[in-house]
Amino acid sequence: PPQLGGPPQLGGPPQRGGPPQLGASTLGGPPQFGAPPQHGGPPPLNGPPPLSRPPQQGAPSFGAPAFGQSQGAPPPLPGRGGMAAGARPTLYVIFNGQKIPVSKDEFVIGRGSKTADLPIKDGNISRRHAAVVFQGGAFWMKDLGSTNGVEFHSRRIDSKRIDEGDVYQICDYELRFTYQ
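Residues numbered from 1 in each chain as written. Predicted model: local features only at pLDDT ≥ 70, side-chain atom pairs only at ≥ 80, totals over all residues. Heavy atoms only, no water.

1. Thoughts on the overall build of the protein
Here is step 1 of the chain: Secondary structure summary: the protein contains zero helices and 11 strands in total.
Here is step 2 of the chain: If you list the helices and strands of the protein from N to C, you get β-β-β-β-β-β-β-β-β-β-β.
Here is step 3 of the chain: Expressed as a percentage of contacts within the protein between residues at least 6 apart in sequence, the contacts between residues at least 24 apart total 28%.
Here is step 4 of the chain: Carbon and sulfur atoms make up 54% of the accessible area of the protein, which totals about 12400 Å². (Helix = DSSP H or I, 4+ residues; strand = E, 2+ residues; numbered from the N terminus. Contact = heavy atoms within 4.5 Å. Areas by Shrake-Rupley, 256 points an atom, 1.4 Å probe, with all protein chains shown as cover.)

2. A look at the pattern of salt bridges
Here is step 1 of the chain: Counted according to the given criterion, the structure contains seven salt bridges.
Here is step 2 of the chain: When the shortest N-O distance is used, the salt bridge between arginine 176 and glutamate 174 registers 3.6 Å.
Here is step 3 of the chain: What makes glutamate 174 partly exposed here is its relative accessible area of 43%.
Here is step 4 of the chain: Ionic contacts of the salt-bridge type, sharing partners, join the residues Lys160, Arg161, Asp163 and Asp166 into one network. (Salt bridge = Lys/Arg side-chain N within 4 Å of Asp/Glu carboxyl O. Buried < 20%, exposed > 50% of the residue type's maximum accessible area, 1.4 Å probe, protein only.)

3. Details of unusual backbone geometry
Here is step 1 of the chain: Phi is positive for asparagine 96, which is not a glycine, with a value near 50°.
Here is step 2 of the chain: With respect to the helices, strands and loops of the structure, asparagine 96 is situated in the loop between β1 (91–95) and β2 (98–102).
Here is step 3 of the chain: On the accessibility criterion, asparagine 96 (63% relative accessible area) is exposed.

4. Describing the packing of aromatic side chains
Here is step 1 of the chain: Summed over all chains, the structure comprises five aromatic pairs.
Here is step 2 of the chain: Between phenylalanine 139 and tyrosine 179 the ring centres are 6.3 Å apart and the planes differ by 50°, which places this aromatic pair in the tilted class. Of this pair, phenylalanine 139 sits in strand β6 (residues 138–143) while tyrosine 179 sits in the segment after β11 (173–178); the two residues are 40 residues apart in sequence, bridging distant segments of the chain. Side by side, phenylalanine 139 and tyrosine 179 carry an identical accessibility label, which is buried.
Here is step 3 of the chain: Relative to phenylalanine 177, the ring of tyrosine 168 has its centre 5.6 Å away and its plane inclined at 80°; by these criteria the two rings are edge-to-face.
Here is step 4 of the chain: Using a relative accessible area of 0% as the deciding quantity, one classes phenylalanine 177 as buried.
Here is step 5 of the chain: Put simply, the rings of Phe134, Phe139 and Tyr179 touch in pairs and so form one group of aromatic residues.
Here is step 6 of the chain: Directly above the aromatic system of phenylalanine 152 lies the positively charged group of lysine 160, at a separation of 4.4 Å from the ring centroid. (Phe/Tyr/Trp six-rings, centres within 6.5 Å; stacked < 30°, edge-to-face > 60°. Lys NZ or Arg CZ within 6 Å of the ring centre and 35° of its normal.)

5. Describing the confidence of the model for the protein
Here is step 1 of the chain: With 52% of its residues at a pLDDT of 70 or more, the protein has an overall mean of 72.
Here is step 2 of the chain: For the stretch residues 18–38, pLDDT sits under 50, and the model shows 36 contacts to residues farther than four places along the chain or on other chains.
Here is step 3 of the chain: This stretch, residues 73–83, has a pLDDT under 50; its non-local contacts, to residues over four places away or in other chains, come to 13 contacts. (pLDDT = per-residue confidence, 0-100.)

6. Points about the sheet that holds strand β5 (residues 130–135)
Here is step 1 of the chain: On the basis of which strands lie adjacent, the open sheet formed by five strands has the order β4-β3-β5-β6-β9 and mixed pairing. Of all strands in the sheet, those bounded by a partner on one side alone are β4 (118–119) and β9 (159–161).
Here is step 2 of the chain: Looking at chain direction, β6 and β9 are connected through three bridges and run antiparallel. Looking at the pairing, tryptophan 140 lines up with arginine 161 of β9. (Pairing = 2+ DSSP bridges.)

7. Here's the deal with the environment of leucine 91
Here is step 1 of the chain: Along the chain, the position of leucine 91 falls in strand β1.
Here is step 2 of the chain: Given a relative accessible area of 0%, leucine 91 falls into the buried group.
Here is step 3 of the chain: For the pair leucine 91 and phenylalanine 139, spaced 48 residues apart in sequence, the C-alpha separation works out to 8.1 Å.
Here is step 4 of the chain: Those residues in contact with leucine 91 that lie beyond four places of it in its chain are Ile100, Pro101, Val102, Val132, Phe139, Ile162, Phe177, Thr178 and Tyr179.

Here is the structure:
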């Protein structure tokens, strides 16, 4: 019977005192913490542990999110003009007939002439309404908690990756984006 009031013992029969048995495994049962995987038979009883293990199907690889978990930003698109790793593509916003380069990692759109990189003088626009953010190898349109929001295809969005030709609506204003 298991002990009550003590730390759980991992693998093997319950122990009284001493450290948990991390390498122990029961034959025929599920693999125990620290034990080599069972592939067609019991694990070796002695000798050093294997130097490397083949990746298990369904197990997350190092640096990737577990299955079903979301990553903050998608990976960069392959073949993006043969840019060097870490290079940023040039994005332009077309506003009121002007083609303006997005030249910062956070390009703010808003009413404030001192706080916005693209100022729009309209009382319906928040001081810091939205931002174009370069993150994870891509540009994103993000609402900065504005009162009247940002729309894409007549739907309000909080955050969306900017693709070639995307058109966003901020109040009565249209912002078109291009990489050309």
